[in-house]
Amino acid sequence: MSDENLPESARVVVIGGGIIGCSVAYHLAEEGCDVVLLERDQLTSGTTWHAAGLMTSYGSGSETVLGIRQHAMQLYKRLEAETGQQTGFNPCGFIELAADDDRLEEYRRITAFNRLQGNDIQEISPSEIKNLFPFAEVDSIKAGFYAENDGRINPVDVTMALAKGARMKGAKLIQGTPVQKVLTTGDAISGVRTDHGDIRCEFVVNCAGMWARQLAEQNGITIPNQAAEHYYLITEPIDGITADLPVLE
């Protein structure tokens, strides 16, 4: 999967080969930028491989964030045809639950904003929630907010599709190449130092995930990023629960 030779220079170096780094490389390459991505181990080997994979447009009161979410959804829909690499996109639907009056008011405001931006969100009753997700206990639920076209993706598959698309657009993705330090001349970035040599560059994009803070600290930059415990359950098959059930939050 690696592009074998470390180049002497690039306009942009992206550090980190998770889904964010590969997305940055893909979009920069799509704009015609000379970009190199460096991954310390293998693509997705950091935190991407066990991400939940939620692909939801609902939930934001920011026009910018909503636009990014809608762009991502459209991108993941076409990425498989573009690259031949599956993304695991499953538009199974998404339901946000409101269990008290304050949350109900908040979600109605968010829903109104989403509709204003052309995102079709429906407020549904507890009985409609139960109909869509029979395992839900809805006795204490005020309402649900249903995004019919939202769902989930496979984070590893999407990352590999973005990586393949980035290469197809001219980016170089190099694995097994830890970055030791971002090099500067005066106050300007001049390159990055790796275990295999230096690369001159004009810009560095730090997509190192839970290691981003330590990397930035070397250059006196504070990134307010804190790793937190994350867990999930793996179960035996449960009768009636299928991949077509909507995401319930």
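Parameters and conventions
Residues numbered from 1 in each chain as written. Predicted model: local features only at pLDDT ≥ 70, side-chain atom pairs only at ≥ 80, totals over all residues. Heavy atoms only, no water. Helix = DSSP H or I, 4+ residues; strand = E, 2+ residues; numbered from the N terminus. Buried < 20%, exposed > 50% of the residue type's maximum accessible area, 1.4 Å probe, protein only. Contact = heavy atoms within 4.5 Å. Areas by Shrake-Rupley, 256 points an atom, 1.4 Å probe, with all protein chains shown as cover. Pairing = 2+ DSSP bridges. Axes fitted to C-alpha atoms, helices over the stretch in contact; angles between N-to-C directions. Disulfide = S-S within 2.5 Å. Phe/Tyr/Trp six-rings, centres within 6.5 Å; stacked < 30°, edge-to-face > 60°. Lys NZ or Arg CZ within 6 Å of the ring centre and 35° of its normal.

### Quick look at the overall build of the protein chain
Each helix and strand in the protein chain was counted, giving six helices and 13 strands. Across its three principal axes, the protein chain shows a C-alpha extent of roughly 60 × 35 × 35 Å. The 249 residues of the protein chain split such that 40% are buried. Taking as baseline every contact in the protein chain between residues at least 6 positions apart, the subset at least 24 positions apart corresponds to 69%. Surface exposure of the protein chain reaches about 13900 Å², of which carbon and sulfur atoms provide 49%.

### Brief notes about the environment of Gln-122
On the secondary structure map, Gln-122 appears in strand 5 (residues 122–124). Overall, Gln-122 belongs to the partly exposed group, its relative accessible area being 34%. Between the alpha carbons of Gln-122 and Thr-111 there is a distance of 7.8 Å; along the sequence they are eleven residues apart. Setting aside residues up to four positions removed in sequence, Gln-122 forms contacts with Arg-115, Gly-144, Phe-145 and Tyr-146.

### Remarks on the sheet that holds strand 10 (residues 188–194)
Strand order in the open sheet formed by three strands is 9-10-11, with antiparallel pairing between adjacent strands. At either end of the open sheet lies a strand with only one pairing partner, and these are strand 9 (179–185) and strand 11 (197–200). The average angle at which neighbouring strand axes cross in this sheet is 25°, direction not considered. Pairing of strand 9 with strand 10 involves six bridges; the strand directions are antiparallel. When the sheet's bridge partners are listed, Leu-183 is paired in strand 10 with Gly-191.

### Examining the state of the cysteines
Within the structure shown, the criterion is met by zero disulfides. Cys-201 takes part in no disulfide bond, and the closest cysteine sulfur to it belongs to Cys-33, at a distance of 11 Å.

### As for the sheet that holds strand 1 (residues 12–15)
What the four strands build is an open sheet, ordered 8-2-1-12; its pairing is parallel. Two strands close off the open sheet at either side, each with one partner strand: strand 8 (172–174) and strand 12 (203–206). Averaged over all neighbouring strand pairs, the angle between strand axes comes to 20°, with direction disregarded. Looking at chain direction, strand 1 and strand 2 (residues 35–38) are connected through four bridges and run parallel. When the sheet's bridge partners are listed, Val-13 is paired in strand 2 with Val-36.

### Quick notes on unusual backbone geometry
Phi at Thr-44 takes a positive value of approximately 75°, unusual for a residue other than glycine. Relative to the assigned elements, Thr-44 resides in the loop between strand 2 and strand 3 (54–55). Using a relative accessible area of 8% as the deciding quantity, one classes Thr-44 as buried.

### Considering the packing of aromatic side chains
Evaluated as defined, the whole model comprises three aromatic pairs. Geometrically, the ring pair formed by Tyr-58 and Tyr-107 is edge-to-face, given 6.4 Å between the ring centres and 65° between the ring planes. Placement of the pair is Tyr-58 in the loop between strand 3 and helix 2 (63–83) and Tyr-107 in helix 3 (residues 101–116), with a sequence separation of 49 residues. With relative accessibility at 2%, the residue Tyr-58 sits in the buried group. In this structure Tyr-107 comes out as buried when scored by relative accessible area, which is 10%. An aromatic cluster is present here, built from Tyr-58, Tyr-107 and Phe-145 joined pairwise through their rings. Note that Arg-40 overlies the ring of Trp-211, its terminal NZ or CZ placed 4.3 Å from the centroid.

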